[in-house]
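Breakdown of the fold
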Amino acid sequence: MQDFNPADNIQDLQYFGEFGGVNPSITDSSTYTFLQAGKMEEIFEHEIEGCYLYSRHWNPSNRYLAQALAKMEGTEMASVTASGMGAISCAILQLCSAGDEIVSSRTIYGGTYAFFKNFLPKFNIRTNFVDTTNLDQVRAAITPNTKVIYCETISNPMLAISDIRALSQVAKENNCKLVVDNTFSPMIFSPARLGADVVVHSMTKFINGMSDCVAGAICGTKEFIDSLSDVNAGASMLLGPVLDSFRSASILKNLRTLHIRMKQHSLNAMALAKKLDADGYTIIYPGLEKHREHELMKTMMNPEYGFGGLFVIDMGTHEKANQLMEAMQHANIGYLAVSLGSYKTLFSAPGGSTSSEIPEEERIQMGLTDGLVRVSIGLDNNIDRTYEMMSQCLKGMN
Ligand SMILES: *Cc1c(COP(=O)(O)O)cnc(C)c1O
């Protein structure tokens, strides 16, 4: 892995604006002219490098951002979408047809879970939910119809870590594709380098990092990314979750500071998790040695970016969880809000909110109890000060 660094790869890209601007120009056009009629016919048959047809298909601003994301993930190519769910739904619908099956981690983002569980059966695509940290369970769930194995690098909200190398092996043996959602850990993990076939992101979170927009990305082989924008059969082209070029340009600028932000998020989360754990609170954080997959994570991560910006504190009951969140918001430690990866600390109780799509019995199976508070640590300048404030909130509880 020493030869691969996501931040260096992005830095090595050189884009100029059309007037030599140090940022690429933003394309402000829905459609593009052709000098020869024949060229337009050709692009309906196959992609032509540097040639644009219509902005739902591709536009230069989205290309620039997509190139940078492909560099970050070490894939041949990438494409961008108007949301993380747009990326996930398009990637899955491109890979699966009626009659196919998915083997998915049970601890995934609530929207993805609902898409698999409630929406895909309309197309006769079925999902077996398993614990993807248990390879025997994954193998046992695979049938001749399985096309996709799906997991998150650091799972939402339990922060479990799947062995991407091993899952990729299982996928290869069974002729299916491994799709990994890397939203929680951009730069920390490079799933494609560990064998994932497709990497998806909600750029809404860390990648953009400013809590000012919703966006997504799909990274994979050139063949797969081209298939998504195929004018006759591409899920992105035909379902149409196109990212606006103005937003794309602003996300590209925020991507420039992602490596610095990820390091700070990780440093802050590690410091808080360590101290609160030492104080006797129940903390789930992959950077703690007691975390079940701590050692596994060390074998997969790009170490300079740390163990990520999220930890979970178990308050025991729903009431206590709510009480803590209200106290933390009152103390201005952060906001009681869904989402994550922001410059400001954000917290929510997944049991009653972002994971409420998951039925109670399955939540119990995965250890997702009502007392959990998921905390996405911001870019706080002085984390000891934040710790003092959080301690006050915890001590002030009855
Ligand atoms: C937020 C999130 C999504 C969905 O992304 P949107 O941009 O909200 O559509 C998918 N996966 C994970 C892990 C997320 O946190």
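The structure contained in this document is the topic of the report that follows. Owing to the predicted nature of the structure, the values given are computational and were not obtained by experimental measurement. (Residues numbered from 1 in each chain as written. Predicted model: local features only at pLDDT ≥ 70, side-chain atom pairs only at ≥ 80, totals over all residues. Heavy atoms only, no water.)

**Description of the overall build of the protein**
Inclusion rule: We count a stretch as a helix when DSSP gives it H or I for four or more residues in a row; a strand needs E for two or more, and each element gets its number in order from the N terminus. In this description the radius of gyration comes from C-alpha coordinates, and the expected globular size is given by 2.2 Å times residues to the power 0.38. Exposed residues in this analysis have more than 50% of their type's maximum accessible area, buried residues have under 20%, and partly exposed residues fall in between, with area computed by a 1.4 Å probe over protein chains only. Residue contacts follow a heavy-atom distance rule, with two residues in contact if any of their heavy atoms lie within 4.5 Å. Residue-level accessible areas treat just the shown protein chains as cover; the underlying method is Shrake-Rupley with a 1.4 Å probe. For the purpose of charge, His is not counted, nor are the chain termini; Lys and Arg are scored as positive and Asp and Glu as negative. Lysine's charge is taken at NZ, arginine's at CZ, aspartate's at CG and glutamate's at CD.
When you go through the protein residue by residue, the secondary structure sums to 15 helices and 12 strands. The C-alpha radius of gyration computed for the protein amounts to 21 Å, which stays within 12% of the reference 21 Å derived for 398 residues, consistent with globular compactness. Dimensions of the protein, computed from C-alpha atoms along their principal axes, come out at roughly 75 × 50 × 40 Å. Taking all 398 residues of the protein together, 57% fall into the buried category. Considering only contacts within the protein whose residues lie at least 6 apart along the sequence, 70% involve residues at least 24 apart. Accessible surface for the protein amounts to roughly 17,100 Å². Of this, 50% is attributable to carbon and sulfur atoms. Counting 32 positive and 43 negative side-chain charges, the protein places the averaged centre of each group 3 Å from the other.

**Quick word on the site of the ligand**
What counts is decided by this rule: Residues are classed as near a molecule or strand on a simple rule: at least one heavy atom within 4 Å of it. Contacts described as polar in this section are N or O atom pairs within 3.5 Å, which, within protein, must combine one atom able to donate a hydrogen with one able to accept it, while residues neighboring in sequence count only if both atoms come from side chains. Under the scheme applied here, ten amino acids are nonpolar (Ala, Val, Leu, Ile, Met, Phe, Trp, Tyr, Cys and Pro), four are charged (Asp, Glu, Lys and Arg), and all others, including Gly, are polar.
Residues in close proximity to the ligand total 15 residues, the closest being G84, D181, S202, T204 and K205. Here G84 contributes a backbone N or O atom positioned 2.8 Å from an oxygen atom of the ligand. For the ligand, an oxygen atom lies 2.7 Å from a polar atom in the side chain of K205. When the ligand is considered free in solution it has 380 Å² of accessible area, and contact with the protein chains removes 92% of it. When residues in the shell around the ligand are grouped by element, the largest group, three residues, is from helix α4 (residues 84-95). For the shell around the ligand, a count of residues per class yields seven nonpolar, five polar and three charged.

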